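So the chains spell out like this:
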Amino acid sequence: MGLLNDKRIIVTGGAAGIGLACAKAYVREGARVAVLSLEPEVLSLISAELGDPHLGICCNVADAASVENAFQTVLQQFNGLDAIHNNAGIAHPSKPLHETSDEAFDLLMNVNVRSILYTTRFGLAALRASRGVILNTGSMVGEIGQDNHAVYAASKGALHALTKSMALDYAPDGIRVNALAPAAVWTETLKRWNQEQPDPARMADYLARIHPLGYCPEPDVIADAAVFLLSDQARFITGCILPVSGGAELGYRSL
């Protein structure tokens, strides 16, 4: 028996990185998983990575109609829903606020924050029926900030505040709402970014040293924490912003 045996879970932004690692972990723990992604190859990817009876659905989480259609498909296929993992997110543009265009601001906020409005709107009735769980992928920058990522940090701060308010709103329904707050994670996106730096080895060392535990983790570290928060082992935890950061937020120290 896995920790998530027979749970029906939607993961947004689950075609790569943290989302895919979480989807795989949920499957290992006995869940049925539907991955929503803007990537058009998500269906074949999830079929290859997860197999039956899991679903891959092309979905734009910033578009209400797209999310509604995806949720209708999942609810029909799974006959209900036990958890929503709001993982989809973007981090660009990497700029201070005054250099950010209106279009870039709107896109980042729509993907990182407004998408949670849509997944909640179209999934809440099913979660009420199952007394389910909502998990949001936040970021440590939502707590401490980050230079040249003003809107990204603001979106994650908003997501953390939203998590706490949602936890209060839906507690009477038995629905728990929590968030994960990683620091750096060796996703494919971060690896590509690191290789584009003037000195990749030095940057990799920096990314290791910002975590007091001494290394920058792979996405499976985040997935393990996500499994816990979705499982009954976390049945009395709600409104929590859980750092999965190796202590990166703990303060000044000698490097």
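Scroll up for the structure.
Quantities reported herein were computed from a predicted structural model and do not represent experimental measurements.

J.: Which parts of the structure should I look at to understand the overall build of the chain?
T.: Along the chain, the regular secondary structure elements total nine helices and seven strands. In terms of overall size, the chain behaves like a compact globule, its C-alpha atoms giving a radius of gyration of 18 Å where 255 residues would be expected to give roughly 18 Å. Principal-axis analysis of the C-alpha atoms places the extent of the chain at approximately 50 × 40 × 40 Å. For the chain, buried positions account for 47% of its 255 residues. Within the chain, residue pairs in contact and separated by at least 24 positions form 68% of the contacts whose partners lie at least 6 positions apart.

J.: Please clarify how empty space enclosed by the protein should be interpreted in this entry.
T.: If you roll a probe as big as a water molecule over the atoms, it shows you where there is empty space left. The final tally for this structure, using the stated rule, is one cavity of 30 Å³ or more. Every element with two or more residues in the lining of the largest cavity is listed here: α4 (102–130) and α6 (150–170). A per-element tally of the lining of the largest cavity places α4 first, with five residues. Residues of the lining of the largest cavity, tallied by class, amount to five nonpolar, seven polar and one charged.

J.: Honestly, the nonpolar core in this entry has me stumped. Any pointers?
T.: Here is a general trend for soluble globular proteins: nonpolar side chains tend to be buried in one another's company. Counting residues in each nonpolar core, the largest one holds 32 residues, and the members touching the most others are Ile10, Leu36, Phe71, Val74, Leu81, Ile175 and Val177. For this core, the secondary structure elements donating two or more residues are β2 (32–37), β3 (55–58), α3 (64–78), α4, α6 and β6 (176–182). With six residues, the top contributor of residues to this core is α4. Residues in contact with Phe71, not counting those within four places in the same chain, are Ile10, Leu36, Leu81, Ile84, Thr119, Phe122 and Gly123.

J.: Looking at this structure, how should I read helix α1 (residues 17–28)?
T.: Helical geometry note: an α-helix holds 3.6 residues per turn, so side chains three or four residues apart project in the same direction. When the terminal C-alpha atoms of α1 are compared, their 17 Å separation across 12 residues agrees well with the 16 Å that a helix rising 1.5 Å per residue should span. Positioned one or two residues after α1, Gly30 has a phi angle of 100°, which is positive.

J.: Help me understand α4, please; the structure alone is not making it clear to me.
T.: Its 29 residues give α4 an end-to-end C-alpha distance of 40 Å, which sits within 8% of 42 Å, the value for a rise of 1.5 Å per residue. Along its length, α4 reaches its greatest deviation from straightness, about 55°, at Gly123. A positive phi of about 50° marks Arg131, the residue just after α4.

J.: Help me out: how do you make sense of the sheet that holds β2 in this one?
T.: Across a sheet, strands are paired by hydrogen bonds formed along the backbone, either parallel or antiparallel in direction. Ordered by their spatial adjacency, seven strands build an open sheet running β3-β2-β1-β4-β5-β6-β7, and the pairing between neighbours is parallel. Edge positions in the sheet fall to β3 and β7 (241–244), since each has one partner strand and no second. This sheet shows a mean twist of 20° between the axes of neighbouring strands, independent of strand direction. The pairing of strand β1 (residues 8–12) with strand β4 (residues 83–86) spans three bridges and is classified as parallel. Following the sheet pairing, Val11 is matched in β4 by His85. Strands in contact with α1 are β1, β2, β4, β5 (133–137) and β6; relative to β2, the strand with the most contacts, it is inclined by about 165°. Sheet strands touched by helix α2 (residues 42–49): β2 and β3. Its angle to β3, the strand with the most contacts, is close to 165°.

J.: So what exactly am I meant to see when it comes to the side chain of Thr12 here?
T.: Relative to the assigned elements, Thr12 resides in strand β1. In terms of polar contacts, Thr12 uses its side chain to reach the backbone amide nitrogen of Asn87, at 2.9 Å. In this structure Thr12 touches Leu36, Val61, His85, Asn86, Asn87, Ala88 and Thr119, once residues within four positions along its chain are discounted.

J.: Honestly, the layout of surface pockets in this entry has me stumped. Any pointers?
T.: Each pocket or cavity is described by its volume, and for the second largest pocket that value is around 150 Å³. Looking at the second largest pocket, it is lined by 15 residues, and the ones nearest its centre are Lys7, Arg131, Val133, Leu230 and Asp232. Counted by class, the lining of the second largest pocket contains five nonpolar, four polar and six charged residues.

J.: What is the right way to read unusual backbone geometry from this model?
T.: Note on backbone geometry: most residues besides glycine have negative phi, and most peptide bonds are trans. The peptide bond linking Asp52 to Pro53 adopts the cis configuration, its omega dihedral lying at 5°. Tracing the sequence through the fold places Pro53 in the loop between α2 and β3. Despite not being glycine, Asn79 shows a phi value in the positive range, around 60°. Its identity is not glycine, yet Arg131 carries a phi of approximately 50°, on the positive side. Looking at the secondary structure, you find Arg131 in the loop between α4 and β5.

Criteria and thresholds
Residues numbered from 1 in each chain as written. Predicted model: local features only at pLDDT ≥ 70, side-chain atom pairs only at ≥ 80, totals over all residues. Heavy atoms only, no water. Helix = DSSP H or I, 4+ residues; strand = E, 2+ residues; numbered from the N terminus. Rg over C-alpha atoms; globule rule 2.2 N^0.38 Å. Buried < 20%, exposed > 50% of the residue type's maximum accessible area, 1.4 Å probe, protein only. Contact = heavy atoms within 4.5 Å. 1 Å grid on protein atoms, 1.4 Å probe; cavity = no way out; pocket = protein on both sides within 12 Å on 5 of 7 lines; lining within 4 Å. Points joined across faces, edges and corners; volume = space filled by probe spheres on them. Nonpolar A, V, L, I, M, F, W, Y, C, P; charged D, E, K, R; others polar. Core = buried A, V, L, I, M, F, W, Y, C linked by side-chain atoms within 4.5 Å. Expected span 1.5 Å × (residues − 1). Bend = angle between axes of the 7 residues up to and from the residue. Pairing = 2+ DSSP bridges. Axes fitted to C-alpha atoms, helices over the stretch in contact; angles between N-to-C directions. Polar contact = N/O pair within 3.5 Å; in protein donor to acceptor, adjacent residues only side chain to side chain.

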